[in-house]
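# An overview of the molecular structure
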Amino acid sequence: MNSIPEMFNNQKYVVFNEVISHEMASLMTDYLFVKRDAGLLVPPVSLGGDDSQCPLSWSIYGDPLFDTLLARLAPQLSNLIGVNLIPAYTYSRIYQTGEELKY
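A few points on the structure. Note that this is a predicted model, so its numbers are computed, not measured.

What follows is about helix α3 (residues 64-81). Helical periodicity: at 3.6 residues per turn, an α-helix aligns residues three or four positions apart in one direction. The end-to-end C-alpha separation of α3 is 25 Å, in line with the 26 Å expected for 18 residues at 1.5 Å each. Along its length, α3 reaches its greatest deviation from straightness, about 35 degrees, at Ala 74, and the proline Pro 75 lies no more than four positions downstream. Within α3 the residues assigned to the buried category are Phe 66, Leu 69, Leu 73, Ala 74, Ser 78 and Ile 81. Where α3 is buried, its residues meet α1 (4-11), α2 (22-37) and β2 (91-94).

Moving on, we get to the nonpolar core. Of all hydrophobic cores here, the largest spans nine residues; its members are Met 28, Leu 32, Leu 41, Trp 58, Ile 60, Phe 66, Leu 69, Leu 73 and Ile 94. Those elements that provide at least two residues to this core are α2, β1 (58-61) and α3.

Taken as a whole, the largest pocket holds about 360 Å³ of empty space. Every residue lining the largest pocket is listed: Ile 20, Met 28, Phe 66, Leu 69, Leu 70, Leu 73, Tyr 89, Thr 90, Tyr 91 and Ser 92. Of all the elements in the fold, those that place two or more residues in the lining of the largest pocket are α3 and β2. Among the elements that line the lining of the largest pocket, the one with the most residues is α3, at four residues.

Right, let's get into a nonpolar patch on the surface. A contiguous nonpolar patch, built from Tyr 61, Tyr 89 and Tyr 91 and spanning about 390 Å² of accessible area, is present on the exposed surface. In this structure, Tyr 91 sits in strand β2. What makes Tyr 91 partly exposed here is its relative accessible area of 36%.

The subject of this paragraph is the packing of α2 against α3. In contact at an axis separation of 11 Å, α2 and α3 are set at 155 degrees when each is read in the N-to-C sense. Considered as vectors, α2 and α3 are oriented roughly antiparallel to each other. In this structure, α2 uses Leu 27, Met 28, Tyr 31 and Leu 32 to contact α3, whose residues at the interface are Leu 65, Phe 66 and Leu 69.

Before going further, it helps to examine the pattern of salt bridges. According to the stated counting rule, one finds three salt bridges in the structure shown. With a closest N to O distance of 2.6 Å, Asp 63 and Lys 35 form a salt bridge. Placement of the pair is Asp 63 in the loop between β1 and α3 and Lys 35 in helix α2, with a sequence separation of 28 residues. Taken as a pair, Asp 63 and Lys 35 share a single burial class, namely buried. Put simply, Asp 37 and Arg 36 hold a salt bridge, and the shortest N to O gap is 2.9 Å.

Calculation rules
Residues numbered from 1 in each chain as written. Predicted model: local features only at pLDDT ≥ 70, side-chain atom pairs only at ≥ 80, totals over all residues. Heavy atoms only, no water. Helix = DSSP H or I, 4+ residues; strand = E, 2+ residues; numbered from the N terminus. Expected span 1.5 Å × (residues − 1). Bend = angle between axes of the 7 residues up to and from the residue. Buried < 20%, exposed > 50% of the residue type's maximum accessible area, 1.4 Å probe, protein only. Contact = heavy atoms within 4.5 Å. Core = buried A, V, L, I, M, F, W, Y, C linked by side-chain atoms within 4.5 Å. 1 Å grid on protein atoms, 1.4 Å probe; cavity = no way out; pocket = protein on both sides within 12 Å on 5 of 7 lines; lining within 4 Å. Points joined across faces, edges and corners; volume = space filled by probe spheres on them. Patch = residues over 30% accessible without salt bridge, like charges linked within 9 Å, V, L, I, M, F, W, Y side chains within 5 Å. Areas by Shrake-Rupley, 256 points an atom, 1.4 Å probe, with all protein chains shown as cover. Salt bridge = Lys/Arg side-chain N within 4 Å of Asp/Glu carboxyl O. Axes fitted to C-alpha atoms, helices over the stretch in contact; angles between N-to-C directions. Parallel < 35°, antiparallel > 145°, perpendicular 65-115°, else oblique.

Right under this line is the structure:
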């Protein structure tokens, strides 16, 4: 069996399960819905938004909570895959039923 760094080197990606706790995932989900209800997310295209990849969904780029999580996870994941990861950006969505990211 290949090590995680070997898998990453060969495939250029590795899937990790449970990188964050279910509690953290729930908090982040609730947080997005609160931001949506406060008018702080980009709305679906039909309501004036511009996310053409998922035109039915609410979204946000570069939210501080998600940016902080990315920055905190990067060193741990870097150690696991053997490559220095540089946090680049975050983009979050509340996907609507039937919608999926195809790109």
